[in-house]
Amino acid sequence: MSALSMAGLRPEQGPPLSVPLGFFVLGPLSVVVAGLLLVVTGGRDGGSAYSGFSLALVHLTTVGFLMMVMTGALYQMLPVVAGAAVPAPRLGHAVNGLLFAGALALAWGLVASEGKSFLVAFSLVLAALALFLVPAVLAVVRVRAESPTALGLRLALAGLAAVAGLGLTMAWARGTTGYTESWLVWRHAHAHLGLLGWVGLLVAAVSWQVVPMFFLASEVPRAAQRGILGAIVASMIALLAAFFFEFSENALVAAISPGAIAVWVVHPATTLRALAARRRKRRDPSVWFWTLSMALAPIVLVLDALAMWTDEPVFGPLFAFVALWGWAGAVVHGMTTRIVPFLVWLHRCSKWVGLRPNIPSARELYPDRHAALGFFAHVATLVLGVAAIALDLSITWRLLGAGLAATMVIILAGVLGALQRAPAEPR
Amino acid sequence: MIWISEARAVHGIADVQTLLDRVGDGGVLELVGFAPGPELSVELLRARGIFVDDAEPGVLRLGRSPVPPLVDLRFREPPEPLHETLLAAEQLAPGERWCGRYPHYPAPLVPILRARGVEHAVTTRPDGTGLVWMRRR
């Protein structure tokens with residue numbers, strides 16, 4: 001006889017609601033800052049892939065938005081998916097504030113090319129990482145990772161540590177000695193570790209849990225999940241080697257390839273297939289976000305190759321923009337439209353269901369029409385961004401800035417609206 | 001409470017009675033992977049006064065009192081299954097029982113049911129789907 005009682009095996013309580021929601025509020029604000037910067041300046045040097053101004057926009061999006069929202073989501077997901085509750089979750093508030101301030105300092109350092117700002121950003125981001133990664137790693141090493149999702153979350157933490165480590169090394173170098181001879185290799189290794197080993201890994205691992213759960217989609221076969229994880233890990237190791245041993249361009253391409261194909265071809269193909277086979281094909285803007293992100297992924301791969309192999313300067317910014325705003329940004333935006341109402345409902349509404357009348361459902365907390373508005377703003381901004389990069393006109397950069405800021409304001413309004421519609425916490 | 005057993009590990013009525021003792025009055029015993037044989041069949045169980053729900057192929061749900069139907073919430077978007085369960089919990093009359101099936105272990109339900117003072121048991125089947133049994137005290 002096999003009894004399967006699960007009592008006591010899984011943590012039933014995630015962090016306080018304010019921890020993940022804090023990240024979901026400050027994260028979009030970073031992109032609002034980036035958008036306002038574009039509106040005010042009209043995109044000074046915006047069309048140059050590696051100008052300080054472009055890199056400031058990139059880091060406001062990566063550190064300020066993607067990393068913030070993904071870190072907030074990890075506080076919630078690690079206990080549920082990996083069975084590992086992050087100790088002292090209220091430290092998340094400090095992590096949130098430090099990351100936001102670190103992203104702003106880094107952006108200022110890049111725009112002004114000011115050494116002191118790099119050192120300030122270095123200190124703030126390092127403190128944030130220590131306060132997040134140390135408890136998170138302590139949590140995950142205490143439990144056995146069985147599913148590919150749980151394993152993927154662990155590896156994504158390693159990816160975050162790796163990309164942040166390289167980024168901090170670069171920030172320290174800029175703040176002290178300036179550019180090094182290996183800067184080009186460092187830049188590629190840092191960018192691809194971030195996109196593949198942190199964002200790609202986390203998006204893939206989370207998708208295997210949330211796509212079947214939220215969209216009643218079929219599950220991606222375990223063999224495909226393991227293959228994707230293996231390919232990304234191979235690229236992560238090779239990219240770290242590239243950073244430290246100064247690979248040639250061809251060796252760098254070889255290092256990037258397995259992870260890039262896994263993240264931008266295999267994972268999207270399997271996810272789109274699962275979404276196509278979902279059981280309940282209702283109108284759902286969060287599915288639109290996933291579909292947009294996965295459909296853009298192969299384009300990201302092509303742009304990456306063009307940026308590396310051709311001298312045409314437009315491909316570098318296009319690659320960065322479509323990867324960050326199109327592929328990663330769309331999926332992160334889409335997940336906030338599902339995670340936020342779910343968490344607010346769980347923390348603020350569930351205790352009253354059946355006991356009080358007119359308790360709102362999760363869909364009423366974050367209405368579909370609001371999520372759809374966010375989707376259309378996101379797509380419009382994607383088009384504006386491509387146009388701005390291609391045309392390099394002041395007006396198109398300003399419009400892009402307005403689009404970025406407006407899209408993030410829609411997310412913020414969604415988060416705050418969900419909190420406002422939910423019953424108040426008893427005092 | 002609710003108890004799940006692989007049917008192949010149960011060799012006759014005596015084993016079933018032992019497991020029913022464990023789940024107690026009002027509890028539900030699930031035999032997963034059930035195929036009728038000379039030692040154990042629906043007819044034999046009913047003849048011994050055991051209540052049987054055999055609506056789901058390959059699964060027998062057994063009890064010493066009428067077995068509440070299993071409400072299938074697997075194909076509802078979260079958090080609808082939690083919402084339905086909590087509504088059901090408040091509509092139960094004293095002594096009345098309710099069973100639900102979920103796509104996975106419904107961890108967030110446990111502290112809420114505990115806080116509401118609803119007698120409950122939560123477990124998973126070998127296929128990973130979650131089961132909840134509730135009774136209003």
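Refer to the structure presented above.
Residues numbered from 1 in each chain as written. Chains lettered and ligands numbered in written order. Predicted model: local features only at pLDDT ≥ 70, side-chain atom pairs only at ≥ 80, totals over all residues. Heavy atoms only, no water.

A.B. asks: Can you lay out the overall build of chain A for me, pointing to particular residues and giving the numbers?
C.D. replies: Regarding its fold elements, chain A presents 13 helices and zero strands. Written out in order from the N terminus, the α and β elements of chain A read α-α-α-α-α-α-α-α-α-α-α-α-α. Over its C-alpha trace chain A gives a radius of gyration of 21 Å, about what one expects of a compact globule, namely 22 Å for 427 residues. Taken over the C-alpha atoms alone, chain A extends approximately 65 × 50 × 40 Å along its principal axes. Here chain A holds 427 residues, and the buried ones make up 58% of them. Pairs at least 24 residues apart make up 80% of the contacts formed inside chain A by residues separated by at least 6 positions. Carbon and sulfur atoms form 66% of the exposed surface of chain A, whose accessible area is close to 16600 Å². (Helix = DSSP H or I, 4+ residues; strand = E, 2+ residues; numbered from the N terminus. Rg over C-alpha atoms; globule rule 2.2 N^0.38 Å. Buried < 20%, exposed > 50% of the residue type's maximum accessible area, 1.4 Å probe, protein only. Contact = heavy atoms within 4.5 Å. Areas by Shrake-Rupley, 256 points an atom, 1.4 Å probe, with all protein chains shown as cover.)

A.B. asks: Describe the environment of Ala73(A), and please don't skip the residues or the numbers.
C.D. replies: Residue and element names in this part refer to chain A. Tracing the chain through its elements places Ala 73 in helix H2 (residues 52-81). Looking at Ala 73, the relative accessible area reads 15%, which means it is buried. Distance in space between the C-alpha atoms of Ala 73 and Phe 376 is 24 Å, their sequence separation being 303 residues.

A.B. asks: Account for the sheet that holds strand E8 (residues 130-135) of chain B, naming residues and giving values.
C.D. replies: Residues and elements named next belong to chain B. As summarised here, the arrangement of the four strands in space is E5-E6-E8-E7, forming an open sheet in which the pairing is mixed. At either margin of the open sheet sits one strand with a lone partner, and together these are strand E5 (70-72) and strand E7 (119-124). The sheet shows a mean angle of 20° between the axes of neighbouring strands, direction not considered. Its contacts with the sheet place helix H4 (residues 109-116) against strand E6 (97-102), E7 and E8, and it is angled at close to 165° to E7. (Pairing = 2+ DSSP bridges. Axes fitted to C-alpha atoms, helices over the stretch in contact; angles between N-to-C directions.)

A.B. asks: Describe empty space enclosed by the protein, naming the residues involved and giving the relevant values.
C.D. replies: All names here are of chain A. Inspection of the entire model under this criterion finds three cavities of 30 Å³ or more. By volume, the second largest cavity is sized at about 200 Å³. If you trace the second largest cavity, you find 15 residues lining it, with Met 70, Ala 73, Val 206, Val 332 and Met 335 closest to the centre. Mapped by element, the contributors of at least two residues to the lining of the second largest cavity are H2, helix H6 (183-215) and helix H10 (315-349). For the lining of the second largest cavity, a count of residues per class yields 14 nonpolar, one polar and no charged. (1 Å grid on protein atoms, 1.4 Å probe; cavity = no way out; pocket = protein on both sides within 12 Å on 5 of 7 lines; lining within 4 Å. Points joined across faces, edges and corners; volume = space filled by probe spheres on them. Nonpolar A, V, L, I, M, F, W, Y, C, P; charged D, E, K, R; others polar.)

A.B. asks: Please provide a residue-by-residue account of the pattern of salt bridges, values included.
C.D. replies: Where side chains of opposite charge bring their charged atoms close, a pairing between them can arise. Within this structure, the stated rule accounts for 19 salt bridges over all chains. Several salt bridges converge on common partners, so that one network encompasses Glu30(B), Asp53(B), Glu56(B), Arg61(B), Arg101(B), Arg125(B) and Asp127(B). (Salt bridge = Lys/Arg side-chain N within 4 Å of Asp/Glu carboxyl O.)

A.B. asks: Please give an account of the sheet that holds strand E1 (residues 2-6) of chain B that cites residues and values.
C.D. replies: All names here are of chain B. Overall, mixed pairing links the four strands, which are arranged E1-E2-E4-E3 in an open sheet. Edge positions in the sheet fall to E1 and strand E3 (51-53), since each of these pairs with one other strand and no more. Geometrically, the sheet is characterised by an average inter-axis angle of 25° between neighbouring strands, direction not taken into account. Pairing of strand E2 (residues 28-32) with strand E4 (residues 59-63) involves four bridges; the strand directions are antiparallel. When the bridges of E4 are listed, Leu 31 appears paired with Leu 60. The strands that helix H1 (residues 13-23) touches are E1, E2 and E4; relative to E2, the one it contacts most, it runs at about 135°.

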